[in-house]
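Residue-level listing of the chains:
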Amino acid sequence: MIGKKMTDALNLQMNREFFNARLYLSMAGYFESLNMPGAAQWMMAQSQEETGHAMRLYGHLRERGARIMVSALDAPPETWDNPLAAFEAAYEHESKVSREFDEHYALAQDEKDNATIIFLQWFITEQVEEESSVDEIIQKLKMAGEHRGSLFMLDRMLGERTAG
Ligand SMILES: [Fe+2]
Ligand SMILES: [Fe+2]
């Protein structure tokens, strides 16, 4: 049986992951408006992964016999100053999410909830990968600068990403 505090924390994180999915969907829409279909595709794939994260949390709560609580979500931002600003916002956001999972991990340790400790390890590894892949794109965007040809090539490269 899972404790009340841990249940609340994982429900909160499940809802945050649903928010994350909508944040990246909003970024996808922003890139569509810039005529950058590759970056839009990347954000769409990212959005689908975030829904997958939420459902992973749902699955753990279900398996542990916890009450699953789906809550209201804030609206994500609708626009950013430029492509670089959007990816920088994504990086900031992912850094925040990494700290959130560190907090859940610490709670699971306090609660001696070994099943949740093991469950959360996947997310901790995933966050390292997410931060690093977004940072890589930021560095490429900085190199491309205002050069339209480089941005076009970068957009094509981003479009090669598929979900999962
Ligand atoms: Fe996530
Ligand atoms: Fe993420």
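Computed from a predicted structure; not experimentally measured. (Residues numbered from 1 in each chain as written. Chains lettered and ligands numbered in written order. Predicted model: local features only at pLDDT ≥ 70, side-chain atom pairs only at ≥ 80, totals over all residues. Heavy atoms only, no water.)

## Quick word on unusual backbone geometry
- One non-glycine residue, asparagine 35, adopts positive backbone phi at about 60 degrees.
- Mapped onto the fold, asparagine 35 is located in the loop between helix 1 (4–33) and helix 2 (37–63). (Helix = DSSP H or I, 4+ residues; strand = E, 2+ residues; numbered from the N terminus.)

## With respect to the coordination of the iron ion (ligand 1)
- Binding of the iron ion (ligand 1) to the protein goes through Glu17 (OE), Glu50 (OE) and His53 (ND1), at separations of 2.0 to 2.1 Å.
- Counting residues between consecutive donors of the iron ion (ligand 1) along the chain gives the motif E-x32-E-x2-H.
- Here the iron ion (ligand 1) and the iron ion (ligand 2) are spaced 3.3 Å apart, linked through glutamate 50, which binds each one. With glutamate 17 in helix 1 and histidine 53 in helix 2, this pair connects stretches of sequence that are 36 residues apart. The same class applies to glutamate 17 and to histidine 53, which are both buried. (Donors = N, O, S within 2.8 Å, 3.2 Å for Na, K, Ca; no water. Buried < 20%, exposed > 50% of the residue type's maximum accessible area, 1.4 Å probe, protein only.)

## Describing helix 5 (residues 148–158)
- Within helix 5, the full set of buried residues consists of Leu154, Asp155 and Leu158. For helix 5, the angular spread of buried residues about the axis comes to 105 degrees, placing them on one side. Turned more than 90 degrees away from the buried face of helix 5 sit Phe152, Met153 and Arg156, all of them exposed.
- Tucked inside the fold, the buried residues of helix 5 contact helix 2, helix 3 (83–110) and helix 4 (114–144). (Arc of directions from axis to C-beta. Contact = heavy atoms within 4.5 Å.)

## Notes on the pattern of salt bridges
- A full pass over the atoms with the stated rule returns five salt bridges.
- Arginine 161 is the partner of glutamate 49 in a salt bridge, and the nearest nitrogen-oxygen pair spans 3.0 Å. With a gap of 112 residues between them, glutamate 49 in helix 2 and arginine 161 in the segment after helix 5 connect regions that are remote in the sequence. Assigned by exposure class, glutamate 49 and arginine 161 land together as buried. (Salt bridge = Lys/Arg side-chain N within 4 Å of Asp/Glu carboxyl O.)

Note that every value here comes from positions in space, so none of it alone points to a role or purpose.
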